[in-house]
Amino acid sequence: MELLSTWGSLIPNYKCDIGDNLAAVIAGPNSNVCFFIATILCIYKIPQLGYGSAPVLNDQSQEPFFKRMFPNENNQYIAIVQLLLHFSWTWIGVIFIDDDSGQMFVQIVLPLFFQKGICLDFIEALPTMYFTTDISEMVAEWIGTYKVIMSSTANVVVLNGETYTMLFLRMYPQVSEFEDIQIKSRGKVWIMTAQMEFSSIPFQRFLDIDIIHGSLSIVIHSSDVPGFQQFLQMRNPTSDKEDGFIREFWQQAFSCVFLKTKVEKQDEDICSGEEKLENLPGSVFELGMTSHSYGVYNAVHAMAHALQSMYSAVSKHRAIGYGIRWKSVTQQPWQLHYFLRSISFNNSAGEKISFDQNGDLLAGFDIINWVTFSNQTFLKVKVGKIDPVHPKDKMFNFALDGIIWPSTFNQIQPMSLCNDYCHSGYSRRKKEGMPFCCFNCLLCPEGMISDQKDMDECFRCPEDQYPNENQDFCIPKKITFLSYEEPLGISFAFIALSFSAITALVLWIFIKHNNTPIVKANNRKLTYLLLFSLLLLFFSPLLFIGQPARMTCLLRQTVFGIIFSVAVSCVLGKTMVVVLAFMATKPGSRMRRWVGKGLANLVVFSSSLIQATICTVWLTIAPPFPDLDMHSMPEYIVLECNEGLVSMFYSVLGFLGFLAIVSFTVAFLARKLPDSFNEAKFIAFSMLVFCSVWLSFVPTYQSTKGKYLVAVEIFSILASSAGLLGCIFSPKCYIIVLRPELNRRGQLLTRNKNL
């Protein structure tokens, strides 16, 4: 208000001075200061350069007159998001100043967080510092915010503040002592925006600054100005009469006083004026130029260059008398806006200074890491930069590996998550009633994996792979089949060859005793055909063992089905011959014409023909073929014979079952016929074994997987064939070999008389 008044008189809008006219104002560092100044000075169209926090100008007519020594804020907000994502910090807290600038921050940044999967444990507002604020209310808000921060499980807090916000931050460790708050102080990683700067007040000089140790700050890019430190070291409060603040600063910084008179006595230390600024701790005075000071420095030079440009322009177009030019300039302050908007120069640090179309400084940001020491000094270590000149994918350049973290984390990168990671082998499920980044970890279902942490869904391995025990990666499946190199395959092959040898021995015994009564009984040729069929049946499992090939797949089921049909039909023919022969002995029986070799041959031929027809149709329509079974055994790829049309396979088994049941029924009815060599009761028992084996085969076959499917069928073939061989031929071999006296015609007649 004084700047708009006559010097020495506070009468706004009344100024009669010829000189000392206001050309422009540099305002800051807080947004409320800039806002109040802009509200008044924009009426007079006076240019303003703001450093530090920028105000939110509700009146768009004010914007052309306010330029900021501050880059586009969106870049620093995006950089904060990049930092959070780089360290996987998805569970954070947010603190902001409760004013228009803070509300604008919330509106811009929170959607960015949510879009990138970052959620908030809390969002708290700090009280705005005004002189009219009730101090007790402000402290109460301050303590409430402290409680929320320290009770939070989030280890990272984004702090959007201003210069005085650092005063609050440094006071937090003392809050619990002053108010007897029973909350254990937790280490936090503070991420501070560029509007903040380190500041303190006199009583804080002895307070610990460890709370900011390990913090990260976004700051406006700055460079060392040549000669600045030498300039500071030359400041002397006793000789510098122009600076009205230096004596007050000197007394507060060095805790001393200047005597007003030589005879005056003071209990405090007396300032000599020879104290050295470089001896002050960093928490009291930074000897280097801060980013805000760098903004003031550039603002002064920008204004000087703009005035220079305007002076040059006016001197070219107006050839008027001495003194009129500057009078014209000061009476028309709006003329300076054109030159200020288009200003571009290199400062003494060698950096280009200019503004964009929105009035923001064309510059980038630096990312610094605060490192504090016990002597109240600190270092600002540059760990990254944000350069808007580069494309978006190259705008951010981080060197974050050497960051110093807060002491409570023992130099281990802090984690800030709502819950621990869901490790490989687990998937995430959102917790009901919690923010979207809070999850429960569920073990992947059987047969599925997750190979990265925090996966939303588990997935299946490729067909040729299977999950490991922890379900976090896939293992290639091994190829397997029933081979001659494994114990099961060797065992089956040995059993098959053994039974083949036994069958061949039985056939040799019967051929050798070809003319004995027990061999002649019940159709000798059918007996030989049955033994030969059994011999082939015992060889047939060899087609099932070994790597499936096209030919073996075509032969194994068809050969087995046809040979078994021949064998069972031989048993049926032998049984029917016995029954018909007994019935033909009755007086007047019409069965005499059916008794003979023709009936047995017809039964064998017709049964074999039907089975052969079924197999031929099967091979024609959908023949079996070699295939890979990827799913039946989780850890293996099974080489198998795909049966083609499964219904045909069960048709073959069904016809065999039909023959077996008929044979069992006929043999069961004929088991007590009076005949010395009647084998019907042995056939009945053998068919009972046969039917039991194959009835149990069907459910077992359907519930078995992989190569053991083949093993079940081989076992059924061997067991049923062995049942036929043992039950039918072992009694006859016993008589032929061990009781030859029973294998005589006389013995046969004697037994018939007894019957």
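Below or above, wherever it landed, is the structure these notes cover. (Residues numbered from 1 in each chain as written. Predicted model: local features only at pLDDT ≥ 70, side-chain atom pairs only at ≥ 80, totals over all residues. Heavy atoms only, no water.)

Observations regarding the overall build of the protein
This is how it is decided: A helix here means a DSSP run of H or I that spans at least four residues, while a strand means a run of E at least two residues long, and both kinds are numbered starting from the N terminus. In this scheme, a residue with accessible area under 20% of its type's maximum is buried, one over 50% is exposed, and one in between is partly exposed, where area comes from a 1.4 Å probe on protein chains only. Any two residues having at least one pair of non-hydrogen atoms within 4.5 Å are treated as being in contact. Exposure was quantified through the Shrake-Rupley algorithm and a 1.4 Å probe, taking into account, for residues, occlusion by the shown protein chains and nothing else.
Each helix and strand in the protein was counted, giving 19 helices and 22 strands. Per-residue burial for the protein yields a buried fraction of 48% across its 755 residues. Contacts spanning at least 24 positions in sequence make up 68% of the contacts within the protein whose residues lie at least 6 apart. Approximately 38900 Å² of the protein is accessible, and the part contributed by carbon and sulfur atoms is 59%.

What about the pairing of strand 6 (residues 156–160)?
Quick note on the threshold: In this analysis, strands are considered paired if DSSP registers two or more bridges between them.
Most of strand 6 sits inside the fold, with 5 of its 5 residues counted as buried. Residues of strand 6 alternate between two faces, with Val156, Val158 and Asn160 on one and Val157 and Leu159 on the opposite face, all of them buried. In terms of strand pairing, strand 4 (residues 91–97) meets strand 6 through 5 bridges, oriented parallel. In the sheet register, glycine 93 faces strand 6, and the bridge partner there is valine 157.

A word on the sheet that holds strand 20 (residues 478–480)
The strands that make up a sheet are held in pairs by hydrogen bonds between backbone atoms, and each pair lies either parallel or antiparallel. Convention followed: Think of each axis as a best-fit line through the C-alpha atoms, taken over the contacting stretch in the case of a helix, with angles from 0 to 180 degrees between the N-to-C directions.
One open sheet holds the 3 strands; their spatial order is 20-22-21, and the pairing between them is mixed. Of all the strands in the sheet, the pair left with one neighbour each is strand 20 and strand 21 (625–629). Averaged over all pairs of adjacent strands, the angle between strand axes in this sheet comes to 30°, irrespective of strand direction. The pairing of strand 20 with strand 22 (residues 636–642) spans 3 bridges and is parallel. Bridge pairing in strand 22 links isoleucine 479 to isoleucine 637.

Examining the pattern of salt bridges
We count it as follows: We count a salt bridge whenever a side-chain nitrogen from Lys or Arg sits within 4 Å of a carboxyl oxygen from Asp or Glu.
The tally for this structure, following the rule as stated, stands at 8 salt bridges. Aspartate 456 serves as the salt-bridge partner of arginine 428, at 2.9 Å between the closest nitrogen and oxygen. Of the two residues, arginine 428 sits in strand 14 (residues 426–430) while aspartate 456 sits in the loop between strand 16 (448–449) and strand 17 (459–460), which places them 28 residues apart along the sequence. Across the pair glutamate 486 and lysine 707 runs a salt bridge whose closest N-O atoms are separated by 2.8 Å. Of this pair, glutamate 486 sits in the loop between strand 20 and helix 11 (487–512) while lysine 707 sits in helix 18 (residues 707–738), placing them 221 residues apart in sequence. For the pair glutamate 486 and lysine 707, one class covers both residues: buried.

Some details on the sheet that holds strand 3 (residues 66–68)
The parallel open sheet is built from 3 strands, whose spatial order is 1-2-3. Because the sheet does not close on itself, it has two edges, and the strands there are strand 1 (25–27) and strand 3. Neighbour-to-neighbour, the strand axes of the sheet open up by a mean angle of 25°, direction not taken into account.

Things to note about a nonpolar patch on the surface
Keep this limit in mind: Like-charged residues within 9 Å of one another, or nonpolar side chains (Val, Leu, Ile, Met, Phe, Trp, Tyr) within 5 Å, are grouped into patches, provided each residue has over 30% relative accessible area and no salt bridge.
The grouping of Met1, Leu10 and Ile40 at the surface amounts to a nonpolar patch, some 280 Å² of accessible area in total. With respect to the helices, strands and loops of the structure, leucine 10 is situated in the segment before strand 1. On the basis of relative accessibility, which here comes to 56%, the residue leucine 10 falls in the exposed class.

Notes on the packing of helix 11 against helix 13 (residues 524–539)
What counts here: If an angle is under 35 degrees, it is roughly parallel; if it is over 145, roughly antiparallel; if it lies from 65 to 115, roughly perpendicular; otherwise it is oblique. In a left-handed crossing the near helix is turned counterclockwise from the far helix by less than a right angle, and in a right-handed crossing that turn is clockwise.
Their axes nearest at 8 Å, the elements helix 11 and helix 13 cross at an angle of 165°. If you check the angle between helix 11 and helix 13, you find them roughly antiparallel. The two elements helix 11 and helix 13 meet at a crossing, and its hand is left-handed. Between helix 11 and helix 13, the residues in contact are Ala496, Leu497, Phe499, Ser500, Thr503, Ala504, Val506, Leu507, Phe510 and Ile511 and Thr527, Tyr528, Leu531, Leu534, Leu535, Phe538 and Phe539, respectively.

Quick word on the nonpolar core
A general feature of soluble globular proteins is that nonpolar side chains tend to end up buried together. Which entries qualify depends on this criterion: Only buried residues count toward a nonpolar core. Its members are Ala, Val, Leu, Ile, Met, Phe, Trp, Tyr and Cys residues joined through side-chain atoms within 4.5 Å.
Ranked by internal contacts, the top residues of the largest apolar core, which has 68 residues, are Phe564, Trp694 and Phe729. Only helix 11, helix 12 (517–520), helix 13, helix 14 (550–584), helix 15 (597–621), helix 16 (646–669), helix 17 (680–703) and helix 18 provide two or more residues apiece to this core. For this core, the leading source of residues is helix 18, giving 15 residues. Setting aside residues up to four positions removed in sequence, tryptophan 694 forms contacts with Phe560, Phe564, Leu653, Ser716, Ile717 and Ser720. In terms of nonpolar packing, the next biggest core, distinct from the first, is built from 37 residues, Phe70, Val189, Ile218 and Phe409 among them.

Comments concerning the state of the cysteines
For clarity, the threshold we go by: By disulfide we mean two sulfur atoms from cysteines, separated by a distance within 2.5 Å.
Throughout the structure, instances matching the rule amount to 7 disulfides. The side chain of cysteine 422 participates in a disulfide bridge whose partner is cysteine 441; the two sulfur atoms lie 2.0 Å from each other. Given an S-S torsion of about -90°, the disulfide between cysteine 422 and cysteine 441 has left-handed geometry. Taken as a pair, cysteine 422 in the loop between strand 13 (396–398) and strand 14 and cysteine 441 in strand 15 (residues 439–443) lie far apart in primary sequence, 19 residues in all. Given the relative accessible area of 33%, cysteine 441 is considered partly exposed. Across the disulfide, cysteine 461 is cross-linked to cysteine 474 (sulfur-sulfur distance 2.0 Å). Across the S-S bond of cysteine 461 and cysteine 474 the torsion is about -90°, and the bridge reads as left-handed. With cysteine 461 in the loop between strand 17 and strand 18 (465–467) and cysteine 474 in strand 19 (residues 474–476), the pair connects residues that are 13 residues apart, well separated along the chain. The pair cysteine 461 / cysteine 474 is uniform in exposure class, with both members buried.

As far as function goes, none of this settles anything; it's purely spatial.
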